[in-house]
2 protein chains.
Amino acid sequence: MDKSEYLEQAADIDELDEKILKLITKNARIPFLEVARECGVSGAAIHQRVQRLLNIGVVSGSEFIVNPQKLGYNTCAYMGIHLEKAKFHKQVVVALRKIPEVIECHYTTGQYAIFIKIQTKTNKHLKRLIDEDLQEIEGIARTETFMSLEMDFKRQVPIQ
Amino acid sequence: MDKSEYLEQAADIDELDEKILKLITKNARIPFLEVARECGVSGAAIHQRVQRLLNIGVVSGSEFIVNPQKLGYNTCAYMGIHLEKAKFHKQVVVALRKIPEVIECHYTTGQYAIFIKIQTKTNKHLKRLIDEDLQEIEGIARTETFMSLEMDFKRQVPIQ
DNA sequence: AATGAAATAGTGCTGAT
DNA sequence: ATCAGCACTATTTCATT
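Presented here is an overview of the structure given in this document. Values in this document were obtained by computation on a predicted structure and should not be read as measured data. (Residues numbered from 1 in each chain as written. Chains lettered and ligands numbered in written order. Predicted model: local features only at pLDDT ≥ 70, side-chain atom pairs only at ≥ 80, totals over all residues. Heavy atoms only, no water.)

### Quick look at the side chain of Lys117 of chain A
Mapping Lys117 of chain A onto the fold places it in strand β4 (residues 114–120). Only 2.6 Å separates the side chain of Lys117 of chain A from the side chain of Glu104 of chain B, close enough to count as a polar contact. Contact partners of Lys117 of chain A, with chain neighbours within four places excluded, come to Cys76, Ala77, Tyr78, Glu101, Val102, Ile103, Glu104 and Lys154 of chain A together with Glu104 and His106 of chain B. (Helix = DSSP H or I, 4+ residues; strand = E, 2+ residues; numbered from the N terminus. Polar contact = N/O pair within 3.5 Å; in protein donor to acceptor, adjacent residues only side chain to side chain. Contact = heavy atoms within 4.5 Å.)

### So, the packing of helix α1 (residues 15–24) of chain A against helix α2 (residues 32–39) of chain A
All names here are of chain A. Between α1 and α2, whose axes approach to 10 Å, the crossing angle comes to 135°. Regarding the angle of α1 to α2, the classification is oblique. As for the relative orientation of α1 and α2, their crossing is right-handed in sense. The segment α1 lies against α2, with Leu16, Lys19, Ile20, Leu23 and Ile24 engaging Val35, Glu38 and Cys39. Grouping the amino acids of the contact of α1 with α2 by side-chain chemistry returns six nonpolar, no polar and two charged. (Axes fitted to C-alpha atoms, helices over the stretch in contact; angles between N-to-C directions. Parallel < 35°, antiparallel > 145°, perpendicular 65-115°, else oblique. Left-handed = near helix turned anticlockwise from the far one by under 90°. Nonpolar A, V, L, I, M, F, W, Y, C, P; charged D, E, K, R; others polar.)

### Thoughts on the relation of the copies chain A and chain B
Its rotation angle being 180°, the transformation that places chain A on chain B also includes 0.0 Å of axial translation and leaves an RMSD of 0.0 Å. The transformation just described matches what one would write down for a two-fold rotation axis. Most of the interface of chain A is mirrored in chain B: 100% of its interface residues are interface residues there too. (Least-squares fit on C-alpha atoms with pLDDT ≥ 70 in both.)

Structure follows, in structure tokens:
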């Protein structure tokens, strides 16, 4: 039996990789030549290192970060989901993925089977999503909602 | 009394802005000239639009997305925090921010006063963080942890 | 608010070490 | 895995509409 899939291997990352990661995870548009100057190596080296980090999956692309509130998404909530039976997990995730307002979905253990983050325009919009979209999904027994009144901070995992 | 601070104003976003946002939120390194070609406008126009989106806070920078597991961060948990008194909120957030493994922190209502996301290298690392770092913080009464066994998906708020 | 043109700067390749 | 150098392309500014 192949157990390799259970071993999520940490990548070989040296100090130069860490320095590169610190820079590009803070600003994806930074010119690689500027990274090169800060690291004291050539632009080509940075270019190849970033390519490698992408290839081995240490980084998975880049994005401009949108501020949900400026797009009218003023309500943020976390929700714990209880399933009728554990076997419904997969199909419930498939259904949740189809709801664009569900922006994060985790397979959890403990009190809930699934844990999601929801971003809606208003509280009314959230209510409609719970009453209409979520309660329609086969396999969901019951949900518990935690409203976020304010996001105090958000960041990526510490590098190094 | 100035109530403007309570009115989180959605920004004026036209179709061109939306098209730009869709492209740059999926790939922050996309050349603006390519965005320009896709939108049928000049590169300078994209440049000015993106600058404006940054200025009015619709986007707040860019980042390469790191895969925590590849850096050895294999444990992800959400945690609800009960406070001894609501007034401790601010100082608890300050203390939480100092713990790099706490990667997200929300002011919540309902069952918990504060809700956080934690990313640690191992379960042991999480245990240590809970026993040593968190229980030391003045104002925290008790915590409840939900372990994420797998992140099914994660994305940004829908544009348009 | 968008454009074209021009100067500056970065990217991505190659061949060499 | 690194480098320098080169041709190509992008960024950014500015006068103009």
